[in-house]
Amino acid sequence: MSQITPAVRADLAPGGTLRAGINYGNFILAFKDPVTGESRGVAVDLIGEIARRLQVPTEIVAYDKVGVMVDDAKTGSWDIAFLGSEPAREREISFTAAYLEIEATYLVPGASPLRHASDVDRDGITVTAAARANYELFLSRTLKHATLTSAPDGAAAFDLLVTGKVHALAGLKEGLFGLAEKLPGSRILDGRFMGVQQSIGIPKGRDAGLQFLRAVVEDAKASGLVARAIERTGARGVTVAPSVSTP
């Protein structure tokens, strides 16, 4: 267990409470129990472990769009946040190694000739994704032939597919299962175009807190905490991220 120094406490709970930003738009990380209203999910379990070690209370700072949470790194609204590590976000946020990976692939109409995720990046194909989602940022850098049309949110992106304005909808595999049920005949393509790595972020400059969080993440993977938390969500296409060495 990493040593909890005054600098660690100052970085992670400067006001005496661990304020954790969570995107409820990703139910694997966090969701509200429909019966009790209690927050559950992998991120919630990790928040509990961090707070237990620090011996501080917690406050969840809730978001439904990850882009807004990223913007709030500059406002001091949260002390740690749970989101995908991504180069475009590293200007304001430092990241631990990933604690889990989520497969990202495409949903297509039933009549589509596309069969595998690797078939999508070709001339004449249009793809949509929710703006500023981790996978949208990735596709904006990596698609060489297909055209990416960003939508304000996931619902708007799905509407573009339903109305035939695009050939494929990019998204997290688990979320696409639910959307496929809403579009009869649609298919989730085999394979994936990326594994979205979910990490813990902390505002730049809080190096003592970052090193502590990195150690917690590796401990949580090694102890089975992350695996058990994933299993409780029932999510498909989600795996524990590989372990990495920490200083």
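Please clarify how the overall build of the protein should be interpreted in this entry.
Each helix and strand in the protein was counted, giving eight helices and 13 strands. The C-alpha radius of gyration computed for the protein amounts to 19 Å, which stays within 12% of the reference 18 Å derived for 247 residues, consistent with globular compactness. With respect to the principal axes defined by its C-alpha atoms, the protein has extents near 60 × 40 × 30 Å. By residue count, 49% of the 247 residues in the protein fall in the buried class. Considering only contacts in the protein between residues 6 or more positions apart, those separated by 24 or more positions represent 73%. Total accessible area on the protein stands at roughly 11,200 Å², and carbon and sulfur atoms take up 51% of it. Side-chain charges in the protein split into 27 positive and 28 negative, and the spacing between the mean points of these groups amounts to 1 Å.

For this particular structure, what's the right way to read the pattern of salt bridges?
Where charged atoms of side chains with opposite charge meet at close range, the side chains can pair. Inspection of every chain in the model, using the stated rule, returns 13 salt bridges. Two residues, K221 and E218, come together in a salt bridge whose shortest N-O distance is 3.0 Å. With K221 and E218 both in helix α7 (residues 207–223) and three residues apart, this pair spans about one turn of that helix. For the pair formed by K221 and E218, the shared burial category is buried.

Would you explain the packing of aromatic side chains in this entry?
For any two aromatic rings, the description comes down to two numbers: the centre-to-centre distance and the angle of the planes. Applying the stated criterion to the full structure yields three aromatic pairs. Ring centres of F82 and Y99 lie 6.2 Å apart, and the angle between their planes is 70°; on these two criteria the pair is classed as edge-to-face. Remark: Y99 occurs in the loop between β6 (93–95) and β7 (100–108) and F82 occurs in strand β5 (residues 80–84); sequence separation between them is 17 residues. With a relative accessible area of 1%, F82 lands in the buried category. Since its relative accessible area comes to 0%, Y99 is described here as buried. Pairwise contacts between aromatic rings join Y106, F138 and F193 into one cluster. When the ring centre of Y24 is taken as origin, the NZ or CZ atom of K32, which lies over that ring, is 5.3 Å away. The aromatic ring of F177 is capped on one face by R236, whose charged end is 3.8 Å from the ring centroid.

Is there a simple way to explain the pairing of strand β12 (residues 194–203) in this structure?
Put simply, side chains in a regular strand alternate between the two faces of the sheet. Of all 10 residues in β12, eight are buried; the element is thus mostly enclosed. The pairing of β5 with β12 spans four bridges and is antiparallel. Bridging from a neighbouring strand, L83 pairs with S199 of β12. When β6 meets β12, the two strands line up antiparallel, connected through three bridges. Each residue of the ladder has a partner; that of S94, found in β12, is I202. Note: β7 against β12, five bridges, orientation antiparallel. Directly across from E103, in β12, lies its bridge partner G195.

Whenever I open this one, α7 confuses me. Can you help?
In an α-helix there are 3.6 residues to a turn, and that puts residues three or four apart on one side. Here α7 is 17 residues long and its end C-alpha atoms lie 24 Å apart, about the 24 Å a rise of 1.5 Å per residue gives. Buried within α7 we find G209, L210, F212, L213, A215, V216, V217, E218, A220 and K221. Among the residues trailing α7, G224 stands out with phi positive, at a value near 90°.

Please clarify how the layout of surface pockets should be interpreted in this entry.
A probe as big as a water molecule, rolled over the atoms, marks out the empty space that is left. Space inside the largest pocket adds up to approximately 910 Å³. As for the largest pocket, its lining consists of 40 residues, of which G25, N26, A130, Y135 and G154 are closest to the centre. Elements supplying a minimum of two residues to the lining of the largest pocket: α3 (66–71), β5, α4 (134–142), α5 (154–162), β10 (168–172), α6 (173–182) and β12. At six residues, the largest contribution of residues to the lining of the largest pocket is made by α6. Its residues assigned to classes, the lining of the largest pocket comprises 22 nonpolar, 11 polar and seven charged.

About the thresholds
Residues numbered from 1 in each chain as written. Predicted model: local features only at pLDDT ≥ 70, side-chain atom pairs only at ≥ 80, totals over all residues. Heavy atoms only, no water. Helix = DSSP H or I, 4+ residues; strand = E, 2+ residues; numbered from the N terminus. Rg over C-alpha atoms; globule rule 2.2 N^0.38 Å. Buried < 20%, exposed > 50% of the residue type's maximum accessible area, 1.4 Å probe, protein only. Contact = heavy atoms within 4.5 Å. Areas by Shrake-Rupley, 256 points an atom, 1.4 Å probe, with all protein chains shown as cover. Lys, Arg positive; Asp, Glu negative; His and termini not counted. Charge placed at Lys NZ, Arg CZ, Asp CG, Glu CD. Salt bridge = Lys/Arg side-chain N within 4 Å of Asp/Glu carboxyl O. Phe/Tyr/Trp six-rings, centres within 6.5 Å; stacked < 30°, edge-to-face > 60°. Lys NZ or Arg CZ within 6 Å of the ring centre and 35° of its normal. Pairing = 2+ DSSP bridges. Expected span 1.5 Å × (residues − 1). 1 Å grid on protein atoms, 1.4 Å probe; cavity = no way out; pocket = protein on both sides within 12 Å on 5 of 7 lines; lining within 4 Å. Points joined across faces, edges and corners; volume = space filled by probe spheres on them. Nonpolar A, V, L, I, M, F, W, Y, C, P; charged D, E, K, R; others polar.

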